[in-house]
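# Reading the structure
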Amino acid sequence: MLNGISNKLCCAVRSKKYLFLLISAFLGALAFTFSSLWPVTWVSMVFFCVMLFDDAEEASKRAFPKKFFGKYFFMFFFYHVFIYYWFLWLYPFDSMGFSKPSALSITALAWFGPSLLHACFYSLSAPLFLILRPRGMKKGLSRDIFDSLLISGIWLTCEGLTSLGSMGFPWSRIYVTQYTALPVIQSSSLFGASFITFLIIFVNAMIAASLRRSCDKGTSEVFSEKQPLRNRSFFPALIAAAVFTANISFGAFHLIADKSETVGSLDTVIVQGNIVSGEKWQSGASERALEKYLALTTEACEIYDPDIILWPESAVPVRLGENSTLMDIYKGVAEESGAEFFTGAFYVSDKRHEGNINAIVQIGKGDIKTYAKRHLVPFGEYLPYKEIFDIFFPDLGTLSQLSGNLTPGKDTGNLEIDGNKIGALVCYDSIFPDLARKTVLEDGELILLVTNDSWYKDSPAVSQHLAQAVFRAVENGRYVVRAANSGISAMITDTGKIVDSIPALAPGYIAEKAFLIEEKTLYTYTGELFLFLLYTVVLLYSLYSKIKSIKKEKIS
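First, a word on what this report is: a plain description of the structure on this page. Just so it is clear, the model here is predicted, and its values are computed rather than measured. (Residues numbered from 1 in each chain as written. Predicted model: local features only at pLDDT ≥ 70, side-chain atom pairs only at ≥ 80, totals over all residues. Heavy atoms only, no water.)

Scanning the protein from terminus to terminus reveals 20 helices and 13 strands. Out of the 556 residues belonging to the protein, those deemed buried represent 56%. Considering only residue pairs separated by 6 or more positions, the protein has 74% of its internal contacts joining residues 24 or more positions apart. Taken as a whole, the protein presents about 23100 Å² of accessible surface, with 62% of it coming from carbon and sulfur. (Helix = DSSP H or I, 4+ residues; strand = E, 2+ residues; numbered from the N terminus. Buried < 20%, exposed > 50% of the residue type's maximum accessible area, 1.4 Å probe, protein only. Contact = heavy atoms within 4.5 Å. Areas by Shrake-Rupley, 256 points an atom, 1.4 Å probe, with all protein chains shown as cover.)

Attention now goes to helix H18 (residues 460–476). The terminal C-alpha atoms of H18, which comprises 17 residues, lie 25 Å apart, in line with the 24 Å expected from a rise of 1.5 Å per residue. The buried fraction of H18 is high, at 17 of 17 residues. One or two steps after H18, the chain reaches Gly-477, where phi turns positive at roughly 60°. (Expected span 1.5 Å × (residues − 1).)

The next thing to look at is helix H6 (residues 100–123). An ideal rise of 1.5 Å per residue puts 34 Å on 24 residues; H6 measures up with 34 Å between its terminal C-alpha atoms. Residues of H6 that are buried sit in contact with helix H5 (68–83), helix H7 (125–132) and helix H8 (141–161).

Let us now look at the pattern of salt bridges. With the rule as written, the count across this model stands at 14 salt bridges. Asp-144 serves as the salt-bridge partner of Arg-213, at 2.9 Å between the closest nitrogen and oxygen. Taken together, the positions of Arg-213 in helix H11 (residues 193–216) and Asp-144 in helix H8 put the pair 69 residues apart, joining distant regions of the chain. The pair formed by Arg-213 and Asp-144 is uniform in burial state, with each residue classed as buried. Notably, a salt bridge pairs Lys-520 with Asp-443, separated by 3.0 Å at the nearest N-O pair. Residue Lys-520 is located in the loop between strand S13 (508–517) and helix H19 (522–526), and its partner Asp-443 is located in the loop between helix H17 (433–441) and strand S9 (447–451); the two are separated by 77 residues in the primary sequence. Among the residues examined, Lys-520 registers a relative accessible area of 22% and is labelled partly exposed. Residue Asp-443 is classed as partly exposed on the basis of its relative accessible area of 40%. (Salt bridge = Lys/Arg side-chain N within 4 Å of Asp/Glu carboxyl O.)

Here we take up the environment of Gln-282. Following the sequence through the fold, Gln-282 ends up in the loop between helix H13 (277–280) and helix H14 (285–303). When its relative accessible area of 42% is taken as the criterion, Gln-282 is described as partly exposed. Taking the C-alpha atoms as reference points, Gln-282 and Pro-317, 35 residues apart in sequence, are found 9.9 Å from one another.

As judged from the four bridges shared by strand S5 (residues 357–363) and strand S6 (residues 369–372), these two strands associate in the antiparallel manner. Considered in S6, the bridge of Gln-362 is made with Lys-369. Connecting S5 to the antiparallel partner S6 that follows it, the hairpin turn spans five residues. (Pairing = 2+ DSSP bridges.)

Okay, here's the thing in C-alpha cells:
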C-alpha cells in the first residue's frame, strides 16, 4: 500500500513540476516564520530533489534537460519571497519623510531584490549538480548516497554565495529553522551550523531517492522485493531516518551530559527600552530614550546588584564622544550601580579606530573601551555602489539616519572585566559565524550582543535574527547576552537554551547570571574544516568517475 502511495506521489511530482516545486518552496520557508514547525524542514525539499535527480538521469543519457534552470529559479524565487515577506513591516519607513510611492518602491525593492539575487545563487544548484554528477552511475544505494552528499554540498556552496561581497546577506540559511529544537542543533558545536544545513538536505535527498525507487520499481528488477534489503524502495529513507536519529540522539546526550567548566559568573541586567525606529529619530527622541533607559536601569538596580548592565545598539540615538555630556551620564550609571556599563552607540574620537564607528562602549572602573562593528549593514550604515543607486534609486541614500558612512572594525576588540575577556558583536555581525568564532578563538569567555531590530517591529525577522545568536552560542560553547532596542532581548546559554527573554515591542529588563567559559568547542578550533574535507572527497570522486567514463567512451 505504501509503495502504491509513493508511486502515485512521485509520478504526480514528475507531471506537475511547477506545482510541487512551489510546494517545496512554501514548506521550506514555513519554519522560518513558525519555528514550532521545524520538523517540516526535514522533508520540505523532497520534491525539489526528486526533480533534480530526474534531470540528472535525463542528462546522463545525453539529452540535456529543457528549461531546467528556469523551473529551479522559479522555485527559489518564491522560496525567498516566502521567507523575506517580513520586509513589508518596513513600510512606510516612519520618520524618513518618504512619499507613499517612494516608500512602496523601496519596500518592494527590499523584498524582491534579495529574493531575485538569492534565487540566482540557489538556482546554480541545478547546473552544478548536473555538471558534477558522474554519468552512467548504476542504480543502487551507492548512487543514492553519492547524489545526496553531492546536492548537500552544492546547497551549502549556494548558501555561502549569499554572504559574499559588500551586499552579502546570508539570512535565509536553512539551519535557522531549527533554533528551538535544542537536541537537533547541538552538533553545531562540532562542525558548525552549516552542518545542520548539510544534514537537512541529505535527509531530504535520501527520502527523494526512496520515492524515485518506488516509482521506478515496476520497470526495474533491481528494486524487486526479491533483492537484498539495501535495494528495497524504502532503504534510503531508512538511512535518512537513521541519520536524523543519530544527530538528535547526540544532541540529547550532549544536553544531558553538558558540564562545561565555568571560570566564574557575572550577574547581568539586560535593558530593553522598546523604542521603535519611527520614534527613535524624531525630535527630542534621544532625551526620551535616555530617560526611559535610565528609569528601567534604576528599577533593576534597586532589586539586583549587577556586575554588568547592557543596553542595546544605538540605545540613545546620538553620537557619543569621550568628553560629551552623555558620556558623563553613562559614567554616573556605572559609578552608582557599581557595575561595568556596556551600551551600543555611534562613537567618535576613539584612538583605536579611524572615523565614526557603530560600537559597544564599556564604561566602568578602568579606561573607556570599545568594540567596533565589523560587518556593516548595506544601505543602513553605508551605501554600496553609490554611483549606481544615486541614479536609479536616489531615495536609498536617505535610509541611513547617519551623515556619511560608518567605518567597519578590523579586529575582535575583546573587552575585559577583572581579567576575563568579554567578546562583543553588534547586530549584523551575528549572522556571520566566523566573526563569533574569531572572538572566541581570541579567548572571549562570554559574548555580548547588541542589536537594533526596531525596523522590523514584531515581524518574523526578529526571531530569525535571534536564531542566529542561538547558533553562535552553541557553535562556540558560550553564553550570549543579547540586548535589542525593541526585542527580542535574551540570555542564551552555551547549549542554545533561552533562559529568559523580553518579547518584541515590550519594555523591560532581564536579570540573570551569565557564566564565563574558557574551554573551546571543536568548531571553534576547526571551523567548517570537516564539511570542506567531506565535500572535497565527494568532488574528487566525481572527477575520478568522470575521467573514468570518458576513457571508457574513447575505448568503445
